[in-house]
Amino acid sequence: MKKISLTGIALTGLLLLSACGTSSTSVSVSPSSAAKETVNTTQKPEDVAGEISFWSWSPEDNVWQQLIKAFNEKYPKIKVNYVRTPSADYEKKIQVAIQGGEIPDVMAFQNGPMIKNYSPILEPLAPLAEKSLGKDWEKKFKTTPLASSKKNGFRTIPTGVAVTPFLSYDVDLFKKVGAEPPKTYDELKQVVKKFEDAKLPGIVPRLGFAGGKSATVTDLFYTLVNQIAPGKLYDADAGKVKFTDPSFIQATNAFKQFYTDKLFQDGNLTTKYDPDLRDMYEQKRQLPMILVGAWIMNDVANKDGLKIGDRTFGLVPMPTIEGGKSSVLINGDVPLGISKDSKNKDAAWRFVEFMATGEYQTILSKALQFLPVKDGLSMDTSNLKTDIEKQSVDVILNAMTKDVGGIRFLDNATIEQALFVNLQKVATGASTPEQAMAEVQKASDTVKR
């Protein structure tokens with residue numbers, strides 16, 4: 001895949017929630033032939049009735065209250081029972097539920113193999129979208145975030161867009177030690193040194209990193225690769241380039257350097273973003289800065305609700321390594337699917353449609369939970385309190401206009417899992433960069449393309 005220009009695909013405003021990862025877990029599922037309900041997309045909104053279950057890790061409760069109120073104003077006869085589970089536990093909960101025959105009407109999916117594993121139990125959504133939204137329904141979405149759904153035959157439709165990684169920092173703590181937000185790796189080392197020397201009580205003088213989550217690890221690695229060799233990552237995923245290529249060795253050495261220089265907090269290889277790193281940074285106030293996606297802006301917009309209204313947070317691009325150019329990753333996120341077994345598919349579709357193209361997208365633009373996937377929507381900064389936080393939105397939009405290196409997830413989950421395992425070995429010193437990439441190439445050689 002070549003480096004993507006977002007200017008031509010109208011990504012003028014987008015944002016996200018959770019660092020949604022991939023997993024190699026596979027389960028056996030089979031579609032039921034019992035549910036044969038068709039969807040009446042010509043029915044008037046006020047006449048659609050039914051009760052549906054919705055499982056996800058997003059939206060947060062404060063956004064859900066706005067969402068469901070707006071939804072029920074349009075669909076007063078549809079009751080939605082929302083079950084929210086933290087992202088770290090979500091896939092396991094869905095796996096257990098489906099194996100036990102408890103399939104929600106509408107469910108969110110994490111990108112990667114999770115959707116492939118469960119696609120047999122999902123209703124194809126393209127025919128429903130065409131009946132309801134017209135033959136040109138795809139034009140209602142920003143083009144690139146819809147790509148992953150197109151690959152899975154539109155068994156899912158995204159509701160937001162992830163953009164990552166960025167460096168979020170506590171403005172007051174940076175002022176206290178006389179530090180400026182780093183633009184390069186060397187400047188990042190200097191900032192960490194300032195915090196080490198300052199010995200602020202209760203502050204871990206490191207860059208917070210969720211190294212226990214596969215997507216966060218690959219986010220960092222893919223960004224490093226894209227900084228030095230744009231497009232090569234996707235060529236390797238397609239089997240056109242070896243992962244033993246010098247560019248990948250260089251990127252792996254750069255990944256290792258974060259650990260050699262002790263820039264990340266101790267124990268990061270078992271740390272997940274939600275709730276671990278998020279709590280350390282926001283509630284426990286232990287970290288001066290973290291690597292995170294644009295979804296952090298939802299918490300910044302909801303500071304009072306999280307009881308951190310006395311804090312000010314800034315956002316800058318992830319520091320560049322020597323010879324590297326600033327780069328971010330994007331993907332369509334929190335894709336929703338409808339169970340083939342749903343007894344209320346009409347109501348379920350109306351809910352998915354509302355989430356993907358309806359007023360929920362406007363709510364997202366203000367809540368900044370993630371970036372709206374609906375074409376033409378910009379982010380609304382009215383819930384942000386300070387100029388520096390409003391400038392963070394400009395940082396995100398600028399990155400999306402100029403610095404997108406590619407899609408956040410590869411086509412081949414086998415390769416992603418091999419990368420996660422072997423990069424963790426590099427971090428602990430159990431493998432050299434050369435050994436790690438040789439193992440990844442072995443995994444790549446097994447992929448049928």
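Residues numbered from 1 in each chain as written. Predicted model: local features only at pLDDT ≥ 70, side-chain atom pairs only at ≥ 80, totals over all residues. Heavy atoms only, no water.

**Concerning the pairing of strand β9 (residues 328-333)**
- A large share of β9 lies buried, amounting to six of its six residues.
- Judged from the five bridges that link them, strand β4 (residues 160-164) and β9 form a sheet pairing that is antiparallel. Across the sheet, the residue bridging to Thr164 is Leu329, located in β9.
- In this structure, β9 lies alongside strand β12 (residues 404-407), joined through three bridges in parallel fashion. Its bridge partner being in β12, Leu329 is matched across the sheet by Gly406. (Buried < 20%, exposed > 50% of the residue type's maximum accessible area, 1.4 Å probe, protein only. Helix = DSSP H or I, 4+ residues; strand = E, 2+ residues; numbered from the N terminus. Pairing = 2+ DSSP bridges.)

**What to know about the pairing of β4**
- The buried fraction of β4 amounts to five of the five residues, a majority that puts the element mostly inside the structure.
- Of the two faces of β4, the one lined by Gly160, Ala162 and Thr164 and the one lined by Val161 and Val163 are each fully buried.

**Structural notes on the sheet that holds strand β2 (residues 78-84)**
- Read across the sheet, four strands follow the order β2-β1-β3-β10 without closing on themselves; strand pairing throughout is mixed. Both edges of this open sheet fall to β2 and β10 (336-338), since each of them pairs with a single strand only. On average, each strand axis in the sheet is inclined to that of its neighbour by 20°, with strand direction left out of account.
- Sheet contacts for helix α1 (residues 61-74): β1 (50-56) and β2; angle to β2, the most-contacted strand, approximately 165°.
- Across the sheet, helix α13 (residues 345-357) lies against β1, β2, β3 (106-108) and β10, angled at about 50° from β1, the strand it touches most. (Axes fitted to C-alpha atoms, helices over the stretch in contact; angles between N-to-C directions. Contact = heavy atoms within 4.5 Å.)

**Some details on the side chain of Gln441**
- Looking at the element boundaries, Gln441 is found in helix α17 (residues 433-445).
- In this structure, Gln441 is in contact with Val241, Lys242, Phe243 and Thr244, ignoring residues within four places of it in sequence.

**Regarding the packing of aromatic side chains**
- The full count for this structure, using the stated rule, is 23 aromatic pairs.
- Stacked on the ring of Trp55, the Lys or Arg Lys93 has its end atom at 4.9 Å from the ring centre. (Phe/Tyr/Trp six-rings, centres within 6.5 Å; stacked < 30°, edge-to-face > 60°. Lys NZ or Arg CZ within 6 Å of the ring centre and 35° of its normal.)

**What about the nonpolar core?**
- Judged by nonpolar contacts, the single largest core of 90 residues is most densely connected at Phe54, Val80, Val106, Met297, Phe351, Tyr360 and Ile396.
- Examining the composition of this core, we find that eight residues originate from one element, α13, more than from any other.
- Counting residues in hydrophobic clusters, the runner-up holds 55 residues, among them Val191, Ala236, Tyr259 and Val426. (Core = buried A, V, L, I, M, F, W, Y, C linked by side-chain atoms within 4.5 Å.)

**Description of the sheet that holds β4**
- One open sheet accounts for four strands, arranged β11-β4-β9-β12; its pairing is mixed. The two strands at the open ends of the sheet, each matched to only one other strand, are β11 (371-372) and β12.
- On top of the sheet, helix α15 (residues 387-402) reaches β4, β9, β11 and β12; it is set at about 75° to β12, its chief contact.

**With respect to the confidence of the model for the protein chain**
- The pLDDT averaged across the protein chain works out to 89; a share of 90% of its residues lies at or above 70.
- A low-confidence stretch, residues 1-37 (pLDDT under 50), is modelled with 133 contacts involving residues beyond four sequence positions or located in other chains. (pLDDT = per-residue confidence, 0-100.)

**Some thoughts on the packing of helix α16 (residues 413-428) against α17**
- It is the contact of α16 with α17, at a shortest axis distance of 9 Å, that shows an interaxial angle of 165°. In terms of axis orientation, α16 runs roughly antiparallel to α17. Crossing hand, α16 versus α17: right-handed. Contacts between α16 and α17 involve Thr414, Ile415, Ala418, Leu419, Asn422, Leu423 and Val426 from the former and Pro433, Ala436, Met437, Glu439, Val440, Ala443 and Ser444 from the latter.
- Of the residues belonging to the contact of α16 with α17, the class tally is ten nonpolar, three polar and one charged. (Parallel < 35°, antiparallel > 145°, perpendicular 65-115°, else oblique. Left-handed = near helix turned anticlockwise from the far one by under 90°. Nonpolar A, V, L, I, M, F, W, Y, C, P; charged D, E, K, R; others polar.)

**Topic: helix α4 (residues 126-133)**
- For α4, the full list of buried residues reads Ala126, Leu128, Ala129 and Leu133. Down the axis of α4, the smallest arc covering the buried residues is 160°, so these residues share one side.
- In this fold, the buried residues of α4 make contact with α13.
- Just past α4, the residue Gly134 takes up positive phi, approximately 105°. (Arc of directions from axis to C-beta.)

**Brief notes about the pattern of salt bridges**
- For the structure shown, the criterion picks out 21 salt bridges.
- The salt bridge involving Asp299 is made with Arg278; its shortest N-O contact spans 2.9 Å. Remark: Arg278 occurs in helix α11 (residues 273-283) and Asp299 occurs in helix α12 (residues 296-301); sequence separation between them is 21 residues. Of the two residues, Asp299 and Arg278, neither departs from the other in class, the shared state being buried.
- Glu389 serves as the salt-bridge partner of Lys303, at 2.9 Å between the closest nitrogen and oxygen. Note that Lys303 is positioned in the loop between α12 and β8 (313-317) and Glu389 in helix α15, a separation of 86 residues in sequence. Accessibility classification places Lys303 together with Glu389 in one group, the buried group. (Salt bridge = Lys/Arg side-chain N within 4 Å of Asp/Glu carboxyl O.)

**Re the environment of Glu73**
- By secondary structure assignment, the location of Glu73 is in helix α1.
- Sequence-wise, Glu73 and Glu46 are 27 residues apart; in three dimensions their C-alpha atoms are separated by 8.8 Å.

**What to know about helix α2 (residues 87-99)**
- If you check α2, its first and last C-alpha atoms are 19 Å apart, about what 13 residues at 1.5 Å a residue would give, namely 18 Å.
- One or two positions beyond α2, positive phi appears at Gly101, with a value near 85°. (Expected span 1.5 Å × (residues − 1).)

**Quick word on the packing of α1 against α13**
- The geometry of α1 relative to α13 is characterised by a closest axis approach of 11 Å and an angle of 120° between their N-to-C directions. In this view, α1 runs oblique relative to α13, as classed from their interaxial angle. You can see that α1 and α13 cross each other, and the crossing is right-handed. Along its contact with α1, which presents Trp64, Leu67, Ala70 and Phe71, the element α13 presents Arg350, Phe351, Phe354 and Met355.
- Partitioning the contact of α1 with α13 into residue classes produces seven nonpolar, no polar and one charged.

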